[in-house]
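# Observations on chain architecture
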Amino acid sequence: MYSRVYVEITNICNRSCSFCPKTKRKPRSLSMDEFTHIARSIAPVTDYLYYHVMGEPLTHQLLPDFIRFSSTLGLKSAVTTNGTLLRERGDQLIESGVYKVNISVHSFESGNAEAHRKYVLDCLDFADKASRSGVLVVLRLWNRGVDKTPNDETRKLIFDKFGEPEQVSIRGARLRKGLHLEYGDRFVWPDLNETDMGDNVFCYGLNDHFGILSDGSVVPCCLDHEGDITLGNIFTDGITEILGCGRAESIRNGFKNKKATEQLCRKCGYARRFKV
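Residues numbered from 1 in each chain as written. Predicted model: local features only at pLDDT ≥ 70, side-chain atom pairs only at ≥ 80, totals over all residues. Heavy atoms only, no water.

Here we come to the overall build of the chain. Helix and strand counts for the chain stand at 8 helices and 11 strands. Against the compact-globule benchmark of 19 Å for 276 residues, the chain has a radius of gyration of 19 Å, which places it among compact chains. If you line up the chain on its principal axes, its C-alpha atoms span 50 × 40 × 35 Å. In the chain, which comprises 276 residues, the proportion classed as buried is 53%. Expressed as a percentage of contacts within the chain between residues at least 6 apart in sequence, the contacts between residues at least 24 apart total 68%. (Helix = DSSP H or I, 4+ residues; strand = E, 2+ residues; numbered from the N terminus. Rg over C-alpha atoms; globule rule 2.2 N^0.38 Å. Buried < 20%, exposed > 50% of the residue type's maximum accessible area, 1.4 Å probe, protein only. Contact = heavy atoms within 4.5 Å.)

Here's what the structure looks like:
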């Protein structure tokens, strides 16, 4: 069983954040039929469906329907969002039965101070309501190491809203039951045009998770934003066949020996987080 599967329901986003590599793929969103096929296909191999690769999931009007359908299969839904649409669609998200919402509150690095403040407060209002409704909420500040004033302002707004954390660690803080603040370093997304950092790499890709892009391409992890390592297509191939193919086995066995068998993995800054 995989701990989670990342499904890109759309590769369309309403922001253009500095840390995001974007995608050159054709804009595409899943239909209801396509999503139900994917959900049924992955239900035997995981309990958690994460709505995340590229794109902003809240731009997809069918997101609440996707979450409700996933629940009928016993899948718990986790949504990662930039938070800009929570004021408009937050109640729909809570009512859909979503299990977890990750809010990337580092998504508003540019813009005037008042716009930043309004954005953060909207995210915090949702976080307050959702966590009180039983939704697990994680506020993400994944740009540690970047000298940006909004980081300090965001932390101040968070602590003004929720008070001092109940528990603190190097990775974040527990603000209260069901509500967390998570810190992370800015990292370099894998890209075939990036510098080769060598094959001494460990990653959890294909060990505890994999991803599915909006065109059905199955990839080893949620950072393969261009589908450079496509193992098969969920719309034409069986999931067992895809995950058991020779290329997938090679990647999996390589990581067990702390070796990257794919060029893309040799150029992934995120994988450097894991000690080898």
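Right, let's get into the packing of helix H3 (residues 86-95) against helix H4 (residues 113-132). Packed helix pairs are characterised by how far apart their axes lie and by the angle those axes make with each other. With their axes 10 Å apart at the nearest point, H3 and H4 run at an angle of 15° to one another. Viewed along their axes, H3 and H4 adopt a mutual orientation that is roughly parallel. The hand of the H3/H4 crossing is right-handed. Here H3 contributes Leu86, Arg87, Gly90, Asp91, Leu93 and Ile94 to the contact with H4, which in turn contributes Lys118, Asp122, Cys123, Phe126, Lys129 and Ala130. Here the residues of the contact of H3 with H4 sort into 6 nonpolar, 1 polar and 5 charged. (Axes fitted to C-alpha atoms, helices over the stretch in contact; angles between N-to-C directions. Parallel < 35°, antiparallel > 145°, perpendicular 65-115°, else oblique. Left-handed = near helix turned anticlockwise from the far one by under 90°. Nonpolar A, V, L, I, M, F, W, Y, C, P; charged D, E, K, R; others polar.)

Looking now at the pattern of salt bridges. Counting across every chain of the model gives 18 salt bridges. A salt bridge links Arg87 to Asp122, with the shortest nitrogen-to-oxygen separation between them at 3.0 Å. Remark: Asp122 occurs in helix H4 and Arg87 occurs in helix H3; sequence separation between them is 35 residues. A relative accessible area of 59% places Arg87 in the exposed class. (Salt bridge = Lys/Arg side-chain N within 4 Å of Asp/Glu carboxyl O.)

This brings us to helix H7 (residues 246-256). Listed in full, the buried residues belonging to H7 are Ala248, Ile251, Arg252, Gly254 and Phe255. Looking straight down H7, one finds its buried side chains confined to an arc of 160°; they lie on one side. Among the exposed residues of H7, those oriented more than 90 degrees off its buried face are Gly246 and Lys256. Residues of H7 that are buried sit in contact with helix H6 (239-243) and helix H8 (263-266). Lys258 sits one or two positions beyond H7 and adopts a positive phi of about 60°. (Arc of directions from axis to C-beta.)

This part takes up the nonpolar core. With 80 residues, the main nonpolar core has Phe35, Ile42, Tyr51, Leu93, Ile103, Leu139 and Phe210 as its most contacted residues. Sorting elements by how many residues they give to this core places H4 first, with 7 residues. Non-local contacts of Leu139, meaning those with residues more than four positions away in its chain, are made with Ile103, Val105, Leu124, Ala127, Ile158, Phe162, Leu175, Leu179, His180, Leu181 and Glu182. (Core = buried A, V, L, I, M, F, W, Y, C linked by side-chain atoms within 4.5 Å.)

Next up on the list: the pairing of strand E7 (residues 172-176). Side chains on a regular strand alternate between the two faces of the sheet. Of all the 5 residues making up E7, 4 are buried; the element is thus mostly covered by neighbouring parts of the structure. Where strand E6 (residues 167-169) and E7 come together, 3 bridges link them in antiparallel fashion. Bridged to Ser169 within E7 is Gly172. Turn length for the E7-strand E8 (residues 179-185) hairpin, with the two strands adjacent in sequence and antiparallel, is 2 residues, and the turn residue Gly178 shows positive phi of about 80°. (Pairing = 2+ DSSP bridges.)

For the rest of this paragraph, the subject is the layout of surface pockets. There is about 150 Å³ of room inside the second largest pocket. Around the second largest pocket sit Leu86, Arg87, Glu88, Arg89, Gly90, Asp91, Ile94, Asp122, Asp125, Phe126 and Lys129, which together line it. For the lining of the second largest pocket, the elements supplying multiple residues, two or more each, are H3 and H4. The dominant element in the lining of the second largest pocket, judged by the number of residues it contributes, is H3, at 7 residues. (1 Å grid on protein atoms, 1.4 Å probe; cavity = no way out; pocket = protein on both sides within 12 Å on 5 of 7 lines; lining within 4 Å. Points joined across faces, edges and corners; volume = space filled by probe spheres on them.)

All chains considered together, the criterion is met by 6 aromatic pairs. Here Tyr2 and Phe210 contribute two aromatic rings whose centre-to-centre distance is 5.0 Å and whose plane-to-plane angle is 85°, an arrangement assigned as edge-to-face. With Tyr2 in the segment before strand E1 (4-7) and Phe210 in strand E9 (residues 209-212), this residue pair connects regions lying 208 residues apart in the sequence. Neither Tyr2 nor Phe210 differs from the other in exposure class; each is buried. Taking the centre distance of 4.9 Å and the plane angle of 85° together, the rings of Phe202 and Tyr204 count as edge-to-face. Among the residues examined, Tyr204 registers a relative accessible area of 37% and is labelled partly exposed. (Phe/Tyr/Trp six-rings, centres within 6.5 Å; stacked < 30°, edge-to-face > 60°.)

The values reported here are purely geometric and, on their own, carry no functional implication.
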